[in-house]
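Here's the letter readout for the chains.
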Amino acid sequence: MAATSFFHPQYEALGRSELEALQMERLRETLRQCMNSPFYRKRFEDSRISPQDIRSLDDIVKIPFTTKQDLREHYPFGLCTVPLSEVVRLHSSSGTTGTPTVILHTKRDLEQWADAVARCLYMVGLRPGDVFQNTSGYGMFTGGLGFQYGAERLGLLTVPAAAGNTKRQIKFITDFGTTAIHAIPSYAGRLYEVMEEMGIDPRRDTKLKTLVIGAEPHSEEQRRRIEEMLGVKAYNSFGMSEMCGPGVAFECLEQNGLHIWEDYYIVEIVDPVTLEPVPDGEVGELVLTTINREAMPLLRYRTRDLTRILSGECPCGRHHKRLDRMKGRSDDMMILKGVNIFPIQIETILMQFPELGNEYLITLTNKDANDRMTVEVELREFSDDYPKLQALTKEITRQLKDEILVTPEVRLVPKGSIPTGEGKAVRVKDLRKTLI
Ligand code: ADP
Ligand code: ZN
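Computed from a predicted structure; not experimentally measured. (Residues numbered from 1 in each chain as written. Chains lettered and ligands numbered in written order. Predicted model: local features only at pLDDT ≥ 70, side-chain atom pairs only at ≥ 80, totals over all residues. Heavy atoms only, no water.)

### A short note on the overall build of the protein chain
So, point 1. Scanning the protein chain from N- to C-terminus turns up twelve helices and 21 strands.
So, point 2. In summary, the protein chain has a C-alpha radius of gyration of 22 Å against a globular reference of 22 Å for 436 residues, a match within 12%.
So, point 3. In the protein chain, which comprises 436 residues, the proportion classed as buried is 54%.
So, point 4. Taking the intrachain contacts of the protein chain between residues at least 6 apart in sequence as the baseline, contacts between residues at least 24 apart amount to 66%.
So, point 5. When the accessible area of the protein chain is evaluated, it comes to approximately 19,400 Å², of which 51% is carbon and sulfur surface. (Helix = DSSP H or I, 4+ residues; strand = E, 2+ residues; numbered from the N terminus. Rg over C-alpha atoms; globule rule 2.2 N^0.38 Å. Buried < 20%, exposed > 50% of the residue type's maximum accessible area, 1.4 Å probe, protein only. Contact = heavy atoms within 4.5 Å. Areas by Shrake-Rupley, 256 points an atom, 1.4 Å probe, with all protein chains shown as cover.)

### Quick look at the packing of aromatic side chains
So, point 1. Counted according to the given criterion, the structure contains six aromatic pairs.
So, point 2. Aromatic pair F132 and F147: ring centres 5.8 Å apart, planes at 35°, arrangement tilted. A residue pair is termed long-range when its members are at least 10 positions apart, and F132 in strand β3 (residues 131-134) and F147 in helix α6 (residues 142-154) qualify at 15 residues. As far as burial versus exposure is concerned, F132 and F147 are alike and both buried. (Phe/Tyr/Trp six-rings, centres within 6.5 Å; stacked < 30°, edge-to-face > 60°.)

### Focus: the coordination of the zinc ion (ligand 2)
So, point 1. Of the protein atoms, only C252 (SG), H259 (NE2), C314 (SG) and C316 (SG) coordinate the zinc ion (ligand 2), at distances of 2.1 to 2.3 Å.
So, point 2. One can describe the donor arrangement at the zinc ion (ligand 2) as tetrahedral, given that its four donor atoms subtend angles of 101 to 116° at the metal.
So, point 3. Between consecutive donor residues of the zinc ion (ligand 2), the sequence gaps follow C-x6-H-x54-C-x1-C. Residue C252 is found in the loop between β8 (245-251) and β9 (258-260), and its partner C316 is found in the loop between β13 (309-310) and β14 (322-323); the two are separated by 64 residues along the sequence.
So, point 4. By relative accessible area, C252 is classed as buried at 1%. (Donors = N, O, S within 2.8 Å, 3.2 Å for Na, K, Ca; no water. Tetrahedral: all angles 85-135°; square planar, octahedral: opposite > 155°, others 65-115°.)

### Some details on the pairing of strand β6 (residues 210-214)
So, point 1. Of all the five residues making up β6, five are buried; the element is thus mostly covered by neighbouring parts of the structure.
So, point 2. Side chains of β6 alternate between two faces, with T210, V212 and G214 and L211 and I213 buried alike.
So, point 3. Inspection of the sheet shows strand β5 (residues 180-183) paired to β6 by four bridges, in the parallel sense. Bridge pairing links A183 to I213 in β6.
So, point 4. For β6 and strand β7 (residues 233-240), the ladder comprises five bridges, and the chain directions are parallel. Within β7, the position partnered with V212 by the bridge is Y235.
So, point 5. Between the parallel elements β6 and β7, the chain passes through helix α10 (residues 220-230) in a crossover that is right-handed. (Pairing = 2+ DSSP bridges. Right-handed = clockwise from strand over helix to strand, strands pointing away.)

### What to know about the pattern of salt bridges
So, point 1. All chains considered together, the criterion is met by 30 salt bridges.
So, point 2. E193 is the partner of R190 in a salt bridge, and the nearest nitrogen-oxygen pair spans 3.9 Å. You can see R190 and its partner E193 sitting in helix α8 (residues 185-197), three residues apart, about one turn around the helix.
So, point 3. Salt bridges linked by common partners bring E220, R223, R224, E227, E251 and R325 together as one network. (Salt bridge = Lys/Arg side-chain N within 4 Å of Asp/Glu carboxyl O.)

### Brief notes about the side chain of R89
So, point 1. Mapped onto the secondary structure, R89 falls in strand β1 (residues 87-92).
So, point 2. Summary of buried charges: R89 has no salt-bridge partner, and the nearest side chain of opposite charge, E152, is 8.9 Å away.
So, point 3. In terms of polar contacts, R89 uses its side chain to reach the side chain of H91, at 2.8 Å.
So, point 4. Among all residues touching R89, those that are not within four sequence positions of it are I103, L104, H105, L110, W113, L145 and Y149. (Lys, Arg positive; Asp, Glu negative; His and termini not counted. Polar contact = N/O pair within 3.5 Å; in protein donor to acceptor, adjacent residues only side chain to side chain.)

### Some words on the sheet that holds strand β15 (residues 328-329)
So, point 1. The four strands lie next to each other as β10-β11-β12-β15, forming an open sheet whose pairing is antiparallel. The open sheet has two edge strands with one neighbour each: β10 (265-270) and β15.
So, point 2. Of the pairings in the sheet, the one linking β10 to strand β11 (residues 284-290) comprises six bridges and is antiparallel in character. Each bridged residue has a counterpart across the sheet, and for I266 the counterpart in β11 is T289.

### Details of the environment of N370
So, point 1. Positionally, N370 belongs in the loop between β18 (356-365) and β19 (372-379).
So, point 2. Along the chain, N370 and T307 lie 63 residues apart, while their C-alpha atoms are 31 Å from each other.
So, point 3. Dropping the residues within four chain positions of it, N370 is found in contact with K337 and T365.

### Let's talk about the environment of C314
So, point 1. One can find C314 in the loop between β13 and β14.
So, point 2. Taking C-alpha positions, C314 is 12 Å from G15, a pair spaced 299 residues apart along the chain.

Set out below in structure tokens:
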């Protein structure tokens, strides 16, 4: 194995026992810090624990969970542990699932965050000399400034292109010799489609080699498609504003799961119903404790994201645990005729058909008290070969039924007929009425 180089060898190369010792030291410091927040002081009093009761990492289970609801109820500054005069930045979540929440940062928090992002970008092979174009929305959305400061920290020529205006985006790619892009997966497909329309071949006409894709669930099949279309390697990037933003967990060159930076976070996977830890390797809800943050540390934060910890050593030499790609959020789960279904299961099937484009929409209705699912999916190219389209529809339906155990109605629609926005893709419309 070629020697791996690290951005932060002092943290990235730590063995398990050193890493855990560092976690314990940082957890102690974090607990002390939390006592400055009325919210956590009360939490500790109510549950009759004190920071001294946490003597080992295993004791973390004694600490109550923190939820998105807690952040909303104490919006905006209720969980702050430093005087507001030390807070230099405020971000909020995209609000995909309700009222946004606010996260506060001190100067040190921002530096540490930029370091984490720089570490991720270095891990996927980016170096000074690379041109990094960020297609995230800037502003409150953390994908903008988060990648901006991280990429600058690493020394990349960073292009804050921001979201939208795809033709301009492509002009930047060709004019500036962009080598790496950060995009949400649904937008990566859009970029390719517009390049095709403009007669640009990404392999021939651009210097693109690396894509960082994240912020929304996507399947392995979608990743492979993006790689194939754009002629790049695409790395999965996971983050959320409550944990700063991007830079929480990231794939290395091996593309075999996302290393979560355990010098920043303590990771647990729990059963979303019983809240008990699940055995290693089983899917459950990701729970994170920040151990490297000043303004707003979060203890045992329930992310609502579903994943599992992958076992085994990673050949890259990092011992930071690896998370499997996200299955979705617990709120994304559709229950149809008593069966639990995630949109990603449907995407995995659809993306295996080369005749299909990148966009799809799942609609749930319950006419006649019967749950129904319609899957509209775009064709990659126009076709009026009806017998062939019919056979294709039949085959997609069959494979979906095998996967999700209910029979959806599959509709093949022309390219461009499924609306796309600038933000995260909306894959499911639940129009079911409550029947009383
Ligand atoms: P919001 O919760 O309003 O969407 P954020 O922008 O903070 O706000 O989004 C964080 C969420 O995005 C995560 O909790 C997760 O559900 C999703 N997410 C982020 N990165 C990924 C990824 N690589 N794969 C799947 N889901 C992701
Ligand atoms: Zn690795």
